[in-house]
Amino acid sequence: TCALLTAESNDKVKIAHAVSECKRMGISVLPPDINKSKVGVEIEKEDTSLNGTAIRFGLNAIKNVGDAAIENILNERSKGIFLNIVDLLNRVDNRKVNKKVIESLIKVGALSDFGKRSILIKKIDEIRSRIPHGKTSENQQALFSYDKKQEEIVLPDYFSGDEYKDEDINTFEKELLGFSISGKT
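Residues numbered from 1 in each chain as written. Predicted model: local features only at pLDDT ≥ 70, side-chain atom pairs only at ≥ 80, totals over all residues. Heavy atoms only, no water.

Considerations on the overall build of the protein
Phase 1 of the analysis: Check the secondary structure of the protein and you find seven helices and three strands.
Phase 2 of the analysis: Listing every helix and strand of the protein by position from the N terminus yields α-α-β-β-β-α-α-α-α-α.
Phase 3 of the analysis: Scored against the burial criterion, the 185 residues of the protein give a buried share of 44%.
Phase 4 of the analysis: Expressed as a percentage of contacts within the protein between residues at least 6 apart in sequence, the contacts between residues at least 24 apart total 63%.
Phase 5 of the analysis: Accessible area for the protein stands at about 9900 Å²; split by element, carbon and sulfur atoms hold 50% of it. (Helix = DSSP H or I, 4+ residues; strand = E, 2+ residues; numbered from the N terminus. Buried < 20%, exposed > 50% of the residue type's maximum accessible area, 1.4 Å probe, protein only. Contact = heavy atoms within 4.5 Å. Areas by Shrake-Rupley, 256 points an atom, 1.4 Å probe, with all protein chains shown as cover.)

This is the structure we're talking about:
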């Protein structure tokens, strides 16, 4: 199934059909995740799946997330998982992982461990403004950059508030993945 999804990655109709078939067979299909996804579709251990494995969509499945952004994200993640959205934005190159990329990641649920989609979208400009210049190249860090020693600083609660309606989430996923991975409606 993983090979089929990879081979058919450019055909959204076939991907949607394969995802539906996986769900019908009891195979968990997981959305892209900033700390777990690789480039393409991968098999992942999953406790809630019938057979203990799941299929995790890769970052390349997301519209607006190009190769340069994926390479930069994976390179930074290889140094340690992203702790929160501020850590992510501080560590990536904001020319490669720009606002449109971040919004696309949020809308498909790839940043759900950092907050609700609706709150992160609503606050993205405010969050980005906290990182004066962000990381603009592999060797250049902003003067006032986020320091991992600051991990204990309490960030705003990006989980408080109303989440988008299921229909809106499905629309985002269909727009950016070509199908709804949540399938809540």
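Side note on the nonpolar core
For soluble globular proteins, the rule of thumb is that nonpolar side chains tend to be buried together.
Phase 1 of the analysis: Membership of the largest hydrophobic core comes to 42 residues, with the highest contact counts inside it found for Phe57, Ile85, Ile102, Leu105 and Leu111.
Phase 2 of the analysis: Counting only elements with at least two residues in this core, the list comes to helix 2 (12-24), helix 3 (67-77), helix 4 (85-91), helix 5 (99-107), helix 6 (117-129) and helix 7 (166-177).
Phase 3 of the analysis: The element contributing the most residues to this core is helix 6, with five residues. (Core = buried A, V, L, I, M, F, W, Y, C linked by side-chain atoms within 4.5 Å.)

A look at the packing of aromatic side chains
Aromatic ring pairs are defined here through the distance separating the ring centres and the angle between the ring planes.
Phase 1 of the analysis: Scanning all chains against the criterion turns up two aromatic pairs.
Phase 2 of the analysis: Taking 5.0 Å as the distance between ring centres and 75° as the angle between the ring planes, the aromatic pair formed by Tyr164 and Phe172 counts as edge-to-face.
Phase 3 of the analysis: We classify Phe172 as buried; its relative accessible area is 14%. (Phe/Tyr/Trp six-rings, centres within 6.5 Å; stacked < 30°, edge-to-face > 60°.)

Overview of the sheet that holds strand 1 (residues 28-30)
Phase 1 of the analysis: Strands sit in the order 1-3-2 across an open sheet of three strands; the sheet is mixed. The open sheet has two edge strands, strand 1 and strand 2 (42-45), and neither has a second partner. Each strand of the sheet is rotated relative to its neighbour by a mean of 35°, with strand direction disregarded.
Phase 2 of the analysis: Across four bridges, the pairing between strand 2 and strand 3 (residues 53-56) is antiparallel. Directly across from Glu44, in strand 3, lies its bridge partner Ala54. (Pairing = 2+ DSSP bridges. Axes fitted to C-alpha atoms, helices over the stretch in contact; angles between N-to-C directions.)

Considering a negative patch on the surface
Phase 1 of the analysis: Where like charges cluster on the molecular surface, the negative patch consists of Asp162, Glu163, Asp166, Glu167 and Asp168.
Phase 2 of the analysis: Relative to the elements of secondary structure, Glu163 occurs in the loop between helix 6 and helix 7. (Patch = residues over 30% accessible without salt bridge, like charges linked within 9 Å, V, L, I, M, F, W, Y side chains within 5 Å. Salt bridge = Lys/Arg side-chain N within 4 Å of Asp/Glu carboxyl O. Lys, Arg positive; Asp, Glu negative; His and termini not counted. Charge placed at Lys NZ, Arg CZ, Asp CG, Glu CD.)

Notes on the environment of Ala54
Phase 1 of the analysis: Summarising the element assignment, Ala54 is placed in strand 3.
Phase 2 of the analysis: Remark: the alpha-carbon pair of Ala54 and Cys22, spanning 32 residues in sequence, is separated by 9.3 Å.

By themselves these figures say nothing about function.
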